[in-house]
Structures are given as structure tokens and as C-alpha cells.
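Here's the letter readout for the chains.
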Amino acid sequence: MTWRCGVTFGRTGSSSRARPVSSWRRTSMPRVPMRDDLLRRARDLAGSSPRAVLGIAGAPGAGKSTLVRALLRDLSSEGVATAWLPMDGFHLSDAQLHRLGRAGRKGAIDTFDGWGYVNAVARARSELDAPVYVPDFERDLEQPIAAGLVIDPGPALVVTEGNYLFVPEAPWNALDSLLDESWFVTVDADVRRARLVDRHVLFGKSRVAAERHVALVDEPNARLVEQWRDRADVVVQDFESRTP
């Protein structure tokens, strides 16, 4: 597998997390293959404590899930114990969205069980002696699936991924003390929007409806998410995962 992306280290924003962070200037970072840099950071993080948590955030369509899948696959091939805790599993069900009058805004920050997600991350970090079951998200159904994933007992690097990890309001700001390291994934806005339209079409929307959803829901979400990117320890730009 070839990973290709640009990576920037260091936070320019403020955060309560007190961890040593590199201070490379963003403007000096070339767009070159950075697979080894990302893997090394994740590997070191896994060895830093029995249950470390890596948070990966970014706007809708930025490539977060692609990065997570490649990262977990490569770490597992090296014998590093890993687990996945996706924020998407904490989507409110359609029944709840209809009850709340938010069905047309699915994916917005108030269409997630934020408190449940934060509590799950806290459990994943601290409960090493028993399985921690967490929900998954079924794209075909567009619904969360209870206990679809499990974090097995014992040491592991838990990778959690979602849009709103860096939002500084409750409940999301509690993640600041729960993440051992945070990455932000970003990509050209036109590329990201095209990906989102194609994704919505793939899962059942007409192209007109997909474009409308991207304009009215996904883009406001993206603007919200992007404004907090400087809180990340690492910014990963234009990530691509390719097979030879």
C-alpha cells in the first residue's frame, strides 16, 4: 500500500492537553509520502500507555475513514493491538431525528448523542479488564447499530474518528482531556464536496437531493469543523490510500 499526504506537526491553537508537540512550520511542509511519519507516531502512541486514544477529526468527506482504515490495517499487520471507536455510531436514529424535527439535518452536531460518545471514549480509555461494546454505523441503512464494535480487554491503541472532536463546547470539550493525541484531516474543498455528493448518491439520494444536502447540511458542518483545526497535534493534508 502507498499512503500519500502532506503532514504538519504542532498546534497553533490553545488546548488544556499538556503533551510535548513538535513545532514544524506548516508552510514548510512538502506534499510527499508521509506513511512512515504517521505510522511511527501511532506506534509510539500505542507504546506510551496500556490504553492510548488517538482522535482523528475533519470535515465531512475529508478522508478520515480512509486514513483510519489504512492506519489500523498497517498497525495490525505489525502486531500492534488496535480498536476503532467511530463517532458515527452515535448518530441519533431516524426515529429520534423525526421526533426532534431534525431529520433533514442529519449529520449536524445536534444530530449526535454527544454525551454518549464522550462517555464511550472515557470507558475505552479506562476500562481494560472487560470488553467495551460501542455502536457502529451501517451506511446502507444510514442507522447506528448497537454494540456493533468491541474494544477487547487489554492494551490497545483506540482510534476514534469523527467531525466534532475539537468543538470547544460541552460535551465535546471533555474529549480534550481524553485524547492522547489528535490529528486533523483536510483536503481541497471542491474535492471534498464532490466526494460527498457521490457518497450520498451511492447510498440512495438523487444527484439533485445529494447536492442540496451537501450545500445545506454538509457545508455548514464543514465550516464549523474547519475553524477548530488548529487545536490538532497533526494536520494531515490531501490524504490518499492507494493499492499498487
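Up top is the structure.
Residues numbered from 1 in each chain as written. Predicted model: local features only at pLDDT ≥ 70, side-chain atom pairs only at ≥ 80, totals over all residues. Heavy atoms only, no water.

Caption draft 1: Region of the structure containing the overall build of the protein. In terms of helices and strands, the protein carries six helices and eight strands. Along its sequence from the N terminus, the protein presents helices and strands in the succession β-α-β-α-β-α-α-β-β-β-β-α-α-β. Here the protein, with 244 residues, has 48% of them falling under the buried criterion. For the protein, the share of sequence-separated contacts (at least 6 apart) that also reach a separation of at least 24 residues comes to 76%. Here the protein displays about 11400 Å² of accessible surface, and carbon together with sulfur accounts for 52% of that area. (Helix = DSSP H or I, 4+ residues; strand = E, 2+ residues; numbered from the N terminus. Buried < 20%, exposed > 50% of the residue type's maximum accessible area, 1.4 Å probe, protein only. Contact = heavy atoms within 4.5 Å. Areas by Shrake-Rupley, 256 points an atom, 1.4 Å probe, with all protein chains shown as cover.)

Caption draft 2: Quick look at the packing of aromatic side chains. According to the stated counting rule, one finds five aromatic pairs in the structure shown. Aromatic pair F90 and Y117: ring centres 5.5 Å apart, planes at 65°, arrangement edge-to-face. Taken together, the residues span a long stretch of sequence, with F90 in the loop between β3 (82-86) and α3 (94-100) and Y117 in helix α4 (residues 114-126) at a distance of 27 residues. Each member of the pair, F90 together with Y117, is buried. Ring centres 6.1 Å apart and planes at 40° place the aromatic pair Y117 and W172 in the tilted group. One end of the pair, Y117, is in helix α4; the other, W172, is in the loop between β6 (156-162) and β7 (181-186), with 55 residues separating them in the sequence. (Phe/Tyr/Trp six-rings, centres within 6.5 Å; stacked < 30°, edge-to-face > 60°.)

Caption draft 3: Expanded view of the packing of helix α1 (residues 35-46) against helix α2 (residues 64-77). Relative to each other, α1 and α2 sit at 70°, their axes nearing to 11 Å. As summarised for this structure, α1 and α2 are arranged roughly perpendicular, according to the angle between their axes. Our pair here, α1 against α2, has a crossing hand that is right-handed. Contacts between α1 and α2 pair R35, L38, L39, A42 and R43 from the former with L67, L71, D74 and L75 from the latter. By residue class, the composition of the contact of α1 with α2 is six nonpolar, no polar and three charged. (Axes fitted to C-alpha atoms, helices over the stretch in contact; angles between N-to-C directions. Parallel < 35°, antiparallel > 145°, perpendicular 65-115°, else oblique. Left-handed = near helix turned anticlockwise from the far one by under 90°. Nonpolar A, V, L, I, M, F, W, Y, C, P; charged D, E, K, R; others polar.)

Read these as spatial facts, not as claims about activity.
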